[in-house]
Amino acid sequence: MIEKFNKMDNNKKIPILIGGTVVIIVLVILLSYFLNKDHDYKNMKEDKNKDYVYTVDSDRKDEFFIYIPKINIKGSTIENINKDIVSYLDDFIYEDMIRSNYEYEINGKVLSLVIKTVDYGNDDIPLVYFKTYNINLSNMQLLSDEELLSAYEVTLDDVSKSIEKKFKYWYKDLLKEEYFDEEDCDYECFLGNRDVENYTDDISYYIEKGNLVVYKPFVFYSIIGEEKYFKEEDFKFVISK
């Protein structure tokens with residue numbers, strides 16, 4: 001009889017446990033949704049009919065082009081950033097062989113903008129440049145590199161190791177694809193061809209789909225012909241998810 005009552009009690013406990021588990025899961029999902037949900041900043045737009053970032057000016061010469069972005073948000077901080085963007089691209093606008101475009105995202109409270117530029121007018125090799133802006137829309141402050149690293153709980157050393165890992169993969173893969181022989185070009189030679197002395201030199205931080213990434217410029221042309229190997233996305237390194 002006692003055993004029978006114990007079985008009945010256990011049978012009653014199972015639905016309660018299942019119900020409690022379901023409630024907890026639902027609460028976690030809802031909490032995650034509200035914490036990660038992108039905020040609506042439409043009321044902060046300068047021009048309600050345009051995107052948060054749009055092309056304010058452009059210049060095109062055959063296959064070469066420059067698109068100048070403008071951040072469409074009110075405020076003196078944004079106004080100064082837009083002036084900085086124009087000043088930065090002024091260095092390229094009068095060149096003949098430039099490709100410059102941009103991308104942006106809003107993740108939670110942060111608007112991230114990256115300007116990607118390739119200068120093909122160099123006498124020797126094309127040069128790649130990246131410029132990023134990460135803006136906290138809740139207080140209209142430009143986030144520093146240190147603040148971004150702290151938010152994702154990573155260090156500059158972590159960034160360096162992530163970039164190093166990818167470069168070492170490329171080196172081994174290029175050897176495998178027989179672009180060159182290890183005796184002819186060791187890893188230091190490979191980095192020299194990429195014009196990489198320090199993995200974190202000239203890097204720019206950007207937030208993409210909630211992930212912290214860095215853009216690292218490097219030389220993708222050489223006498224060996226690696227430009228056929230490297231792709232545009234190879235300049236982007238995912239640091240933290």
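Since this is a predicted model, take the numbers as computed values, not measurements. Counting starts from 1 at the beginning of each chain's written sequence and moves along it residue by residue. Confidence filtering applies because this is a predicted model: local features only for residues at pLDDT of at least 70, side-chain atom pairs given and counted only at 80 or more, and all residues used for totals across whole chains, interfaces and linings. The side-chain quantities take in all heavy atoms of the structure and omit both hydrogens and water.

1. A closer look at the environment of leucine 212
Going along the chain from the N terminus, every DSSP run of H or I of four or more residues is numbered as a helix, and every run of E of two or more is numbered as a strand. Summarising the element assignment, leucine 212 is placed in strand 8 (residues 211-215). Take leucine 212: its relative accessible area is 0%, and that puts it in the buried class. Measuring from C-alpha to C-alpha, the distance between leucine 212 and isoleucine 239 comes to 5.6 Å, with 27 residues separating the pair along the chain. In what follows, residue pairs with any heavy atoms lying within 4.5 Å of each other are defined as contacts. Dropping the residues within four chain positions of it, leucine 212 is found in contact with Leu148, Leu149, Tyr152, Val154, Tyr205, Tyr206, Phe237, Val238, Ile239 and Ser240. Buried residues are those whose accessible area, probed at 1.4 Å on protein chains only, stays under 20% of the maximum for their type, while exposed residues exceed 50% and partly exposed ones sit between those limits.

2. Focus: the sheet that holds strand 4 (residues 110-119)
Strand pairs in the sheet, formed through backbone hydrogen bonds, run parallel or antiparallel to each other. Strand pairing is assigned whenever DSSP detects at least two bridges linking the two strands. Read from one edge of the open sheet, six strands run 1-2-3-4-5-6, paired in mixed fashion. At either end of the open sheet lies a strand with only one pairing partner, and these are strand 1 (53-61) and strand 6 (141-142). Summarising the sheet, strand 2 (residues 64-71) and strand 3 (residues 98-107) pair through two bridges and their orientation is parallel. Counterpart to phenylalanine 65 in the pairing with strand 3 is arginine 99. Where helices are involved, their axes are fitted lines through C-alpha atoms of the stretch in contact, as for all axes, and angles between N-to-C directions lie from 0 to 180°. The strands touched by helix 2 (residues 76-93) within the sheet are strand 1, strand 2, strand 3, strand 4, strand 5 (127-136) and strand 6, with strand 2 carrying the most contacts at an inclination of about 170 degrees.

3. Re the nonpolar core
What is meant by a nonpolar core is a set of buried Ala, Val, Leu, Ile, Met, Phe, Trp, Tyr and Cys residues, joined one to another through side-chain atoms within 4.5 Å. Counting residues in each nonpolar core, the largest one holds 38 residues, and the members touching the most others are Phe167 and Phe190. Secondary-structure elements contributing two or more residues to this core are strand 4, strand 5, helix 3 (145-151), helix 4 (156-176), helix 5 (187-193), strand 7 (204-208), strand 8 and strand 9 (236-240). Among the elements that make up this core, the one with the highest residue count is helix 4 (six residues). When neighbours within four sequence positions are excluded, phenylalanine 190 is seen to be in contact with Phe167, Trp170, Tyr171, Leu174, Phe180, Cys185 and Phe230.

4. Things to note about the pattern of salt bridges
Take a side-chain nitrogen of Lys or Arg and a carboxyl oxygen of Asp or Glu: if they are within 4 Å of each other, that pair is a salt bridge. Tallied over the full model, the rule gives 10 salt bridges. Glutamate 46 is the partner of lysine 70 in a salt bridge, and the nearest nitrogen-oxygen pair spans 3.3 Å. Of this pair, lysine 70 sits in strand 2 while glutamate 46 sits in the loop between helix 1 (2-36) and strand 1, and the two are 24 residues apart along the sequence. Judged by relative accessible area, which is 23%, lysine 70 ranks as partly exposed. Here glutamate 46 falls in the partly exposed class, since its relative accessible area comes to 49%. Where glutamate 208 meets lysine 236, a salt bridge forms, and the shortest distance between an N and an O atom there is 3.0 Å. Here glutamate 208, found in strand 7, pairs with lysine 236, found in strand 9; they are 28 residues apart in sequence, far enough to count as distant. Take lysine 236: its relative accessible area is 21%, and that puts it in the partly exposed class. Each of Glu103, Lys116 and Glu232 takes part in salt bridges that share partners, so that together they form one network.

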